[in-house]
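Structural overview for review
The primary structure of each chain is shown beneath.
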Amino acid sequence: MRMAGIEDTAELLEKQLAAELSKMTLEEALTLARAFSHYLNLTGIAETHHRVTKARGAAYLSKSCDDTLNQLVQGGVSPAELYDNVCKQEVEIVLTAHPTQINRRTLQYKHIRIAHLLEYNDRPDLGHEDREMLIEDLVRELASIWQTDELRRHKPTPVDEARAGLNIVEQSLWRAVPHYLRRLSNALKKHTGKPLPLTCTPIKYGSWMGGDRDGNPNVTAKVTREVSLLSRWMAVDLYLREVDNLRFELSMNQCSAKLSRLAHEILTKENTEEAWHESWSQQSNLSPFKNHNSHAPPLPTQLPAGADLPSCTEHNDVETHYSRLSVPGSDFMPMNRQGGEGSLIFKESLLNTNNLSIKTHGNGSANNSGSTQSVLTPRSSSLSSNQLLLQRKQFAESQIGRNSFEKLLEPSSSQLPGIAPYRVVLGYVKEKLSRTRKRLELLLEDLSCEYDSWDYYETSEQLLEPLLLCYDSLQSSGSGILADGRLTDLIRRVATFGMVLMKLDLRQESGRHSETLDAITTYLDMGTYSEWDEDKKLEFLTRELKGKRPLIPPTIEVTSDVREVLDTFRVAAELGSDSLGAYVISMASNASDVLAVELMQKDARLAVAGELGRPCPGGTLRVVPLFETVKDLREAGSVIKKLFSIDWYRDHIIKNHNGHQEVMVGYSDSGKDAGRFTAAWELYKAQEDVVAACNEYGIKITLFHGRGGSIGRGGGPTYLAIQSQPPGSVMGTLRSTEQGEMVQAKFGLPQMAVRQLEIYTTAVLLATLRPPQPPKEEKWRNLMDEISKISCTTYRNTVYENPEFLAYFHEATPQAELGGLNIGSRPTRRKTSPGIGHLRAIPWVFAWTQTRFVLPAWLGVGAGLKGVCENGHTEDIRAMYKEWPFFQSTIDLIEMVLGKADIPIAKHYDEVLVSESRRELGAELRRELLTADKFVLLITGHEKLSENNRSLRKLIESRLPYLNPMNMLQVEILKRLRRDDDNNKLRDALLITINGIAAGMRNTG
């Protein structure tokens, strides 16, 4: 009604609705909240399905690889230049565990299942009976959702969060990546005449899940190690499934001479050891074999799930016999065998007894025959000899029985139809992958592991070698059509995901490093590091970095917090750059912050290498300063210049990181610090300064953007964000975070993930080859400075200087109650101080989104625009909007937020929940919002907000009949809860309304 201009009637109806809600019993309110919350979630699923279906049926798809490459060729880019830029592109999407994903993982799975059923319903060949069965399936899913608890009853652990990230890879990205690369390759071949190189990967994935310890004491060195190993285990498990399918597909005998020689070598080694394998038959499937001392596993006797389907087919409903994303483990786990001696370890069985080490001698058999002596070494002296004998007997019998049964199913070698060289080689690959997985299981169980390095795959290059050999053989044998199918997809997966799926970044706050160096310098009687000035710090750090001895004594006694920092560097040294990505320093402000991390990294690597007696695995981690506050952003360029002026650091970057520096800029804390408009402008200028500093010293730069999901934390459409960066800041490289609920929204379904990957690729390509225009006149920069100054002053006067604001914030929003959602492993505050300064940016934005006021995204903008317009610069500002991509995108994103804001709903929160003495502050803020509306419309020339974004307007309008009552119900429940704080049912009802509003607004924090 308000949209139609019937204001009075709308207000009257809202008052009647509020009165009805106040009469509701708690049970009625709970049921209504659940129903509306589920409806808004289901609406989101339907909208996503509609977008995907519409895009699939479109003859022309904007921002696709084909569209963008055609646009660039038509614009004068030569095919050679285009091909070179695509092949050299390096984009990394970093998934984070920021606590903004409201829905439980259980409900996310059910939502995905509904999405798959909607997709299946679109099939034109469905008969009447099939469609009825599909409707029944949908009803079952809805019934299951309704009867499932919506709320997390416990906080997730960092490992839980990491599992959720790995699940995104398994359920979606695993299928999406080869599909996307196939699209890109086809478009590249069409417009340049050459396909994408087989191992070229323009986009990769990284992760912070299990590595981001900034303000999160739950992320420890032990957690980081476990998550890294779990990620490796998951990668190997996925590759095993693919190799299993591939062995069935590549059944042909014709091959290259090189592949034939390898296959015959494998079979020859098998025959020379046939007698040994006969005697070891009970454990043949468990025993690892060395590189060419190998025995190809028997050919499979039945097709694995999905082997009959084309590689690009999305077979979501196919069941698999492999476990799905659980912590790895099995009842029996092998140890190393050298010569004729083997060792087997098995885990705690159903008898609930402790682990045993079984050492076998002689022919290696585990049974107690006359020619074999078996020794069982108990892990605990509490086991009696009878228990040991019983376990030994059960273990031996299970192995004999299992292998005897498998032997019945296996074809004998004399029955095999020819050598089948691809199957022989891939069988060897499968066996080596199996040993790799078992080794990782031992490491995850903290058991000793004595595998030789050639018994397992450590790097992606090792796994790629036999796969590329098969590919080359197929191509040379006239079977290119087969080489370009499932095998190509597997090779591209290995090139993209490596052996870790997603390299794990580490992140820690700079202050924790200073505390650690304080402890070290104090112990060494050198003084207190944090009390030194910057020059003295740099002198000390540079001197120690140039030295060849460790700085930290192994006997040093430190606090638990300092020990945790040192342990993290030790784990980083043990895992190396093969498993880990960057070390990000949050709240970085000086060159010494970077050198401090470099020093502790060097020291840990020296210590670990000394203990191992060999160099640490992989290389040193990239050290990435993260500039977040406005003050630090303004100093970013000079900090980078200072770093490059230090000979040791510049040589280190050139030698160890190929002359490549990475710098991260933070959108969340800068927005909370100064408001969205000022943050956007300071981020723009900081990127210009950093790029100029790197160019001055001939260093390549990659900017890492720490964006959130909401506009207030730097979110917004990916394409628009990349296209509005400063010229020269996107030179074929980019890193960007995808956080919380946006991970599921963008990458939860394969079709959506493919689209997002195309958008990233094409936006970076355009920003590189056709960079956006800088401000045309110096006057534009001056006007931006003026708007930013007024905007920042208005924002900080309200949020930080007004003594009533903090109390108003707590009363007008459900911020205090958000902790009950249990949506993340980290605390909502960096420190225990109650002020806004130490509150995390996510709950700050989340709370205002719930009340539909979305204050962090627009506060101060109206005052800034009003100030310059009233000074006679309206036409200048309009010209900036039309001709400067950065300014246009900034205003468009603010307009998008203003379109979602709802003054009557925000006013209702104030009238019911805010003390009368503070209601005037709320009224003043609502007047600020109206000012922002007025001047944004004046600059854009639009009559209504989001006039140029009809889909957004339609989305908002379709949700209002359910979203408005949900907000009013939340107000009523908050009012009751604040009178009866111990009422758990009321608290549950509140949390369900928070879920529903987040679903309706399509973002949280």
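Every residue gets a number counted from 1 within its own chain, in the order that chain's sequence is written. Reporting in this predicted model follows two pLDDT cut-offs: at least 70 for local features of residues, and 80 or more for side-chain atom pairs to be given and counted; totals over whole chains, interfaces and linings ignore these cut-offs and use all residues. Values reported for side chains reflect all heavy atoms of the structure, with hydrogen atoms and water molecules removed beforehand.

1. As for the overall build of the protein chain
Looking only at helices and strands, the protein chain features 34 helices and 12 strands. Exposure categories follow from relative accessible area, calculated using a 1.4 Å probe and restricted to protein chains: below 20% of the type maximum is buried, above 50% is exposed, and the middle band is partly exposed. Of all 1005 residues assigned to the protein chain, the portion counted as buried reaches 57%. What makes two residues a contact is simply this: any of their non-hydrogen atoms within 4.5 Å. Intrachain contacts of the protein chain at a sequence separation of at least 6 include 82% that bridge at least 24 residues. Method for areas: the Shrake-Rupley scheme with a 1.4 Å probe, in which residue coverage is limited to the protein chains shown. Element-wise, carbon and sulfur atoms account for 51% of the exposed surface of the protein chain, whose accessible area totals about 41600 Å². For helices the rule is a DSSP run of H or I covering at least 4 residues; for strands it is a run of E covering at least 2, with both sets numbered from the N terminus onward.

2. Regarding helix H30 (residues 885-900)
An α-helical turn contains 3.6 residues, so any two residues separated by three or four positions project in the same direction. Under the convention used throughout, the expected extent of a helix is 1.5 Å for every residue step, that is, one less than its residue count. If you check H30, its first and last C-alpha atoms are 23 Å apart, about what 16 residues at 1.5 Å a residue would give, namely 22 Å. Burial runs high along H30: 13 of the 16 residues are buried.

3. Description of the packing of helix H31 (residues 903-913) against helix H33 (residues 950-977)
Note on geometry: axes are C-alpha line fits, over the in-contact stretch for helices, and angles between N-to-C directions span 0 to 180 degrees. The interhelical angle for the contact between H31 and H33, taken along N-to-C directions, is 15 degrees, at an axis separation of 10 Å. By the criterion of interaxial angle, the relationship of H31 to H33 is roughly parallel. In this structure, the crossing between H31 and H33 has a hand that is right-handed. Across the interface between the two elements, Ile905, His908, Tyr909, Val912 and Leu913 from H31 touch Asn964, Asn967, Met968, Gln970, Val971, Leu974 and Lys975 from H33. Only Asp, Glu, Lys and Arg are considered charged in this grouping, and only Ala, Val, Leu, Ile, Met, Phe, Trp, Tyr, Cys and Pro are considered nonpolar; every other residue, Gly among them, is considered polar. Classifying every residue of the contact of H31 with H33 gives 7 nonpolar, 4 polar and 1 charged. In this scheme, roughly parallel covers angles under 35 degrees and roughly antiparallel covers those over 145, while 65 to 115 is roughly perpendicular and the rest are oblique. By convention the crossing between two helices is left-handed if the near helix lies anticlockwise of the far one by an angle smaller than a right angle, and right-handed if it lies clockwise.

4. A word on the nonpolar core
Among the nonpolar cores identified, the biggest contains 153 residues, and Tyr205, Tyr239 and Leu501 are the most heavily contacted of them. As used in this record, nonpolar core signifies buried Ala, Val, Leu, Ile, Met, Phe, Trp, Tyr and Cys residues forming a set joined through side-chain atoms within 4.5 Å. With 82 residues, the next largest nonpolar core counts Tyr795, Phe809, Val868 and Val897 among its residues.

5. Observations regarding the sheet that holds strand E8 (residues 580-586)
Note: two strands are recorded as paired if DSSP finds a minimum of 2 bridges between them. The strand order around the closed barrel formed by 8 strands is E1-E2-E7-E8-E9-E10-E11-E12, and the pairing between neighbours is parallel. Taken over all neighbouring pairs, the strand axes of this sheet differ in orientation by 25 degrees on average, direction set aside. Two strands pair when backbone bridges link them, and strand E1 (residues 90-96) and strand E2 (residues 203-207) are joined in this way by 5 bridges, in the parallel orientation. When the bridges of E2 are listed, valine 91 appears paired with isoleucine 203. Strands strand E7 (503-509) and E8 of the sheet are contacted by helix H15 (residues 510-523), whose axis makes an angle of about 70 degrees with E7. On top of the sheet, helix H25 (residues 750-769) reaches E1, E2 and strand E12 (733-739); it is set at about 145 degrees to E12, its chief contact.

6. Some points on the side chain of aspartate 632
Positionally, aspartate 632 belongs in helix H19 (residues 630-644). Think of it this way: Lys and Arg go in the positive column, Asp and Glu in the negative one, and His and the chain ends go nowhere. One speaks of a salt bridge when a side-chain nitrogen belonging to Lys or Arg is within 4 Å of a carboxyl oxygen belonging to Asp or Glu. Buried charge without a partner: aspartate 632 forms no salt bridge, and the closest opposite charge is lysine 631, 4.5 Å away. Aside from chain neighbours lying at most four places away, what touches aspartate 632 is Met587, Ala588, Ser589 and Phe627.

7. Focus on the environment of glutamate 265
By secondary structure assignment, the location of glutamate 265 is in helix H9 (residues 257-272). For glutamate 265, a relative accessible area of 33% corresponds to the partly exposed category. As a C-alpha pair, glutamate 265 and valine 425 span 160 residues in sequence and 9.9 Å in three-dimensional space.

8. Some remarks on the packing of aromatic side chains
Between the rings of Phe, Tyr and Trp (Trp by its six-membered ring), a pair exists once the centres lie within 6.5 Å; its type follows the angle of the planes, with under 30 degrees stacked, over 60 edge-to-face, and the other angles tilted. Counting across every chain of the model gives 30 aromatic pairs. Ring plane angle 75 degrees and centroid distance 6.0 Å describe the contact between tryptophan 208 and phenylalanine 704, whose orientation is recorded as edge-to-face. Taken together, the residues span a long stretch of sequence, with tryptophan 208 in the loop between E2 and helix H8 (221-249) and phenylalanine 704 in strand E11 (residues 700-706) at a distance of 496 residues. A ring pair is formed by tryptophan 884 and phenylalanine 886, whose centres lie 5.5 Å apart and whose planes are at 55 degrees; its orientation type is tilted. With relative accessibility at 0%, the residue tryptophan 884 sits in the buried group.

9. Quick word on the pairing of strand E9 (residues 622-627)
Of all 6 residues that make up E9, 5 are buried, and the element is covered over most of its length. As paired elements, E8 and E9 share 4 bridges and run parallel to each other. Paired with tyrosine 583 across the bridge in E9 is valine 623. Viewed with both strands pointing away, a crossover whose connecting path from the first strand over the helix to the second turns clockwise is right-handed. Each parallel crossover has a hand, and the one from E8 via helix H18 (residues 591-612) to E9 is right-handed.

10. Quick word on the pattern of salt bridges
Enumeration according to the criterion identifies 54 salt bridges in this entry. Of the charged contacts, one joins arginine 570 and glutamate 611 as a salt bridge, the two residues approaching to 2.3 Å between their closest N and O atoms. Highlighted residues: arginine 570 in helix H17 (residues 560-575) and glutamate 611 in helix H18, separated in sequence by 41 residues. The exposure class of glutamate 611 is exposed, given its relative accessible area of 55%.

11. Some remarks on a negative patch on the surface
Think of a patch as exposed residues, more than 30% relative accessible area, with no salt bridge, where like charges cluster within 9 Å and nonpolar side chains (Val, Leu, Ile, Met, Phe, Trp, Tyr) cluster within 5 Å. Think of each charge as sitting on NZ of Lys, CZ of Arg, CG of Asp or CD of Glu. Negative charge collects at one region of the surface, where Glu129, Asp130, Glu132 and Glu136 lie side by side. Judged by relative accessible area, which is 43%, glutamate 132 ranks as partly exposed.

12. Observations regarding the pairing of E1
The buried fraction of E1 is high, at 6 of 7 residues. Of the pairings in the sheet, the one linking E1 to E12 comprises 7 bridges and is parallel in character. If you follow glutamate 90 over to E12, its bridge partner there is threonine 733.

13. Here we look at the packing of H17 against H18
It is the contact of H17 with H18, at a shortest axis distance of 8 Å, that shows an interaxial angle of 60 degrees. In terms of orientation, H17 lies oblique with respect to H18. For the pair H17 and H18, the crossing hand works out as right-handed. Residues Val565, Phe569, Arg570, Ala573 and Glu574 of H17 lie in contact with H18, whose contacting residues are Val597, Met600, Gln601, Ala604, Arg605, Val608 and Glu611.

14. Here we look at the environment of serine 579
Examined against the element boundaries, serine 579 turns out to sit in the loop between H17 and E8. Distance in space between the C-alpha atoms of serine 579 and glutamate 458 is 10.0 Å, their sequence separation being 121 residues. Apart from the residues lying within four places of it in its own chain, the contact partners of serine 579 are Ser228, Arg232, Val500, Lys503 and Leu504.

15. With respect to the confidence of the model for the protein chain
Every residue carries a pLDDT, the predictor's confidence in it, which falls somewhere between 0 and 100. The pLDDT averaged across the protein chain works out to 83; a share of 81% of its residues lies at or above 70. A low-confidence stretch, residues 307-385 stays under pLDDT 50, and its non-local contacts, those more than four residues away or across chains, total 197 contacts. Long-range and interchain partners of residues 409-417, a stretch whose pLDDT sits below 50, account for 8 contacts in this model, where long-range means more than four residues apart.

16. Some words on unusual backbone geometry
Positive phi outside glycine occurs at aspartate 525, with the angle close to 60 degrees. Phi is positive for valine 854, which is not a glycine, with a value near 35 degrees. Mapped onto the fold, valine 854 is located in the loop between helix H28 (841-850) and helix H29 (861-883). Residue class for valine 854 comes out buried when judged on its relative accessible area of 11%.

17. Quick notes on the environment of threonine 993
Among the structural elements, threonine 993 can be located in helix H34 (residues 984-1001). Residue classification places threonine 993 among the buried positions, given a relative accessible area of 0%. It is 6.3 Å that separates the C-alpha atoms of threonine 993 and methionine 966, two residues lying 27 residues apart in sequence. In contact with threonine 993, not counting residues within four places along its chain, are Ala33, Gln850, Met966, Leu969, Gln970 and Ile973. Any N or O atom pair separated by 3.5 Å or less is treated as a polar contact, with the protein-specific requirement of one donor-capable and one acceptor-capable atom, and with residues adjacent in sequence counted only for side-chain atom pairs. Engagement of the side chain of threonine 993 in a polar contact is seen with the side chain of glutamine 970, the distance being 3.3 Å.

18. So, the side chain of threonine 794
Among the structural elements, threonine 794 can be located in helix H26 (residues 778-801). Discounting residues that sit within four places of it in the chain, threonine 794 has contacts with Gly860, Ala863 and Glu928.

19. Description of the state of the cysteines
To count as a disulfide, a pair of cysteine sulfur atoms needs to be within 2.5 Å. In this structure the tally under the stated criterion is 0 disulfides. With no disulfide of its own, cysteine 200 has cysteine 87 as its nearest cysteine by sulfur position, at a separation of 4.6 Å. According to the relative accessible area criterion, cysteine 200 is buried, its value standing at 9%.

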